[in-house]
Each structure stands twice: as C-alpha cells, then as structure tokens.
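Observations on the model geometry
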Amino acid sequence: MKLSIAQSTDLCRLLADPSRLRLLLLLESHDLSVAELTEVTGLAQSRISTHLARLKRAGLVQAQRTGGAALYGLAAADGRAAELWTVMRSQIDDAQGRLDRERAEEVIRARKSGQTWAESVAGRMELHYSPGRTWEAAAHALIGLLDLGDVLDIASGDGVLAELIAERARSTVCVDISAKVLAAARKRLRDASNVAFCQADMRALPFARGSFDHVFLMHALTYAADPRAVIAEAVPLLRGGGRIVIATINAHRHEEARDAYDHVNLGVGPDALGKWLKSCGARVEMCRITSREPRPPYFEVVTALARAE
Ligand SMILES: C[S@@+](CC[C@H](N)C(=O)[O-])C[C@H]1O[C@@H](n2cnc3c(N)ncnc32)[C@H](O)[C@@H]1O
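In this report, we go over the structure that sits alongside the text. (Residues numbered from 1 in each chain as written. Predicted model: local features only at pLDDT ≥ 70, side-chain atom pairs only at ≥ 80, totals over all residues. Heavy atoms only, no water.)

1. Let's talk about the pattern of salt bridges
The final tally for this structure, using the stated rule, is 19 salt bridges. The salt bridge involving Asp 259 is made with Arg 258; its shortest N-O contact spans 3.2 Å. Judged by relative accessible area, which is 21%, Arg 258 ranks as partly exposed. (Salt bridge = Lys/Arg side-chain N within 4 Å of Asp/Glu carboxyl O. Buried < 20%, exposed > 50% of the residue type's maximum accessible area, 1.4 Å probe, protein only.)

What follows is the structure, given as structure tokens:
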C-alpha cells in the first residue's frame, strides 16, 4: 500500500529528531534499559521514555522484560519506518554516535561485572552523567567560598555569571554591547538589588580607573579583533591587588565555528594571553589550558588569572 502525503511527512518527522536517531543507533548494537540510556546519552529520563514510546509505536523498537527493568532493542526490520531507517542508517557516520556506543559498552560491562555505577566510571567520572552532579552544582558550591567585592562582568551576556556570583559580590556591573542581551540579563537578575547594567563596547569602557576588585572577561575575547586592546582597557579599571579573570577558547582552526557564533577571531593561546596581560601591567598568577571538550572538534579553554599591581 502506498503512503499519503500526511503519512509520508509523519514518517519523516519520526526520524527528523537527533535524540531519536541517537537512541536508534545505540539500540542497534545493545539492548539497554531507560536508566542505562539516560546514563549513556545524558538526555532526561522522561524524554527518553517519550521517544522510546514513539519509536515502539512505529515498530522500530521493542521492549523485553528479563526479571528487572525492561530492556529496549531494535525491532526486527519490518514496515515503512524500518525501511526508511535502513536507508538513513546506511548514510550515517557520526562522532556522537560513536561516543554513545563507547559509553554503552562501558555501561554493559558494568552491568555484567556487577560493579557499582561509580566503580564502572572511576577515572572518567567527569564524562558521565548522574543525577544533579552538574558543573553548575559544583560552581554553586565553590562560589560560596568567594568574597568578590565590586565586580565588572565585561561582555556579560544575559547574566549567567552575574547570577552565580551576585550574592558573593558587594556590587556587580554587567556590561554588554547588545541592548537585547542586556534586557534578558535585567530580567534574569530582577531580584538582585546589587547588580547594575550598562550597554557599552568593551573596547571603550565608561568607568573610572581603579573602580573594581574583580574584572571578568568570560568568553569575550573571541568578539574582539584586537583582544590585547580589550585587556589594556580592562586592567586599569582594577584597584591595586584586584584580579582580572579571563576564560576564552584556545587558538583553533575551525572557521565554521567562528562564523556560527559571530566570533571575530580563532581563539587565543595561553602564551599570547599571558604576554598581553604582562604588557598591560598585570601580574599573571595563572594562564593555561584548563579543559578540553570531550567531543570533536575538541575545543580547549584557556583560563587566566592576573593581579593589578
Ligand atoms: C559568548 S557571550 C558570553 C557571555 C558571558 N560572558 C558568558 O560567559 O556567559 C559573548 C557576549 O559578548 C557580547 N559582545 C560582543 N561584542 C562585544 C563588545 N564589543 N563589547 C561588549 N560586549 C560584546 C555579546 O553581545 C555577547 O553577549
């Protein structure tokens, strides 16, 4: 029987979802429970259950109960959805899919060897999801240790950092060039009485010298054609002993990423950043690559901490 246009588009929609494709790729080689799929993909458990129910209705996935939790696997290829998936599958070669498969193998090894979850991921725990154990949760805990004084957050975006630090600062000024982004920051921080907002260009900041104890340049330098000039603008705004904190992606060659995020340069290496900070009169306490993303193209982050003399 041929398909109507509506049935054809429904079928395409079923497979036009990256999470569902990840699940199908995973289940073609392993039977996994919802909890295991959550651990492997990092997707929310409720979303996985919804996707699985939809894939099951379409005859792509089946569940079997073997005493404990139901294990999901690919159903025997039968029906229109399976035909379309077979065609698509033959064209897919994806880094995320390969990473998911490696994680699934670890999860299955752990299931077979009776290890606890922690034992199965020991040494690679940062790559694995477990409920609530996010970098945001870690940041909230660590930020409680800080006493930041007066803070300037340059290229603040919509106030994510300010929201984290406001309680630990006497005052925070969020500066951004975009009125729309600042409006979102104002909304996010509407209950924080010690946060102010300023629309300005980081290349010409409207503040008096020696006004701040901490200046943040978080993922801002990629928006500057001349990043050193931004550092030269920022450092004099610190009080003596005050600190500038910079995070930026390391120098890379991925022009498509630069274009997609409106960056104007291809990142900054730690050597150049350290040299610029010194030349602007700051004493560099730390300037190095602090993290590497676990997925291609493996962007690295450079973090720098320097003190105004
Ligand atoms: C990637 S976001 C970073 C936001 C924030 N610092 C964070 O880490 O979440 C970069 C921000 O820089 C702002 N921006 C770009 N060029 C700027 C400039 N010349 N002066 C001030 N802000 C600028 C953008 O509007 C955007 O909000």
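2. Remarks on helix α6 (residues 95-113)
With 19 residues, α6 ought to run about 27 Å at 1.5 Å a step, and its terminal C-alpha atoms sit 27 Å apart, in line with that. Turning to α6, the residues buried within the fold contact α2 (18-27), α3 (34-41) and α7 (117-121). Two residues or fewer past α6, Gly 114 is found with a positive phi of approximately 70°. (Helix = DSSP H or I, 4+ residues; strand = E, 2+ residues; numbered from the N terminus. Expected span 1.5 Å × (residues − 1). Contact = heavy atoms within 4.5 Å.)

3. So, the side chain of His 30
Counting through the fold element by element, His 30 comes out in the loop between α2 and α3. Judged by relative accessible area, His 30 falls into the buried class, the value being 14%. Once residues lying within four places of it in the same chain are set aside, the contact partners of His 30 are Tyr 72, Arg 101, Ala 104, Glu 105 and Ile 108.

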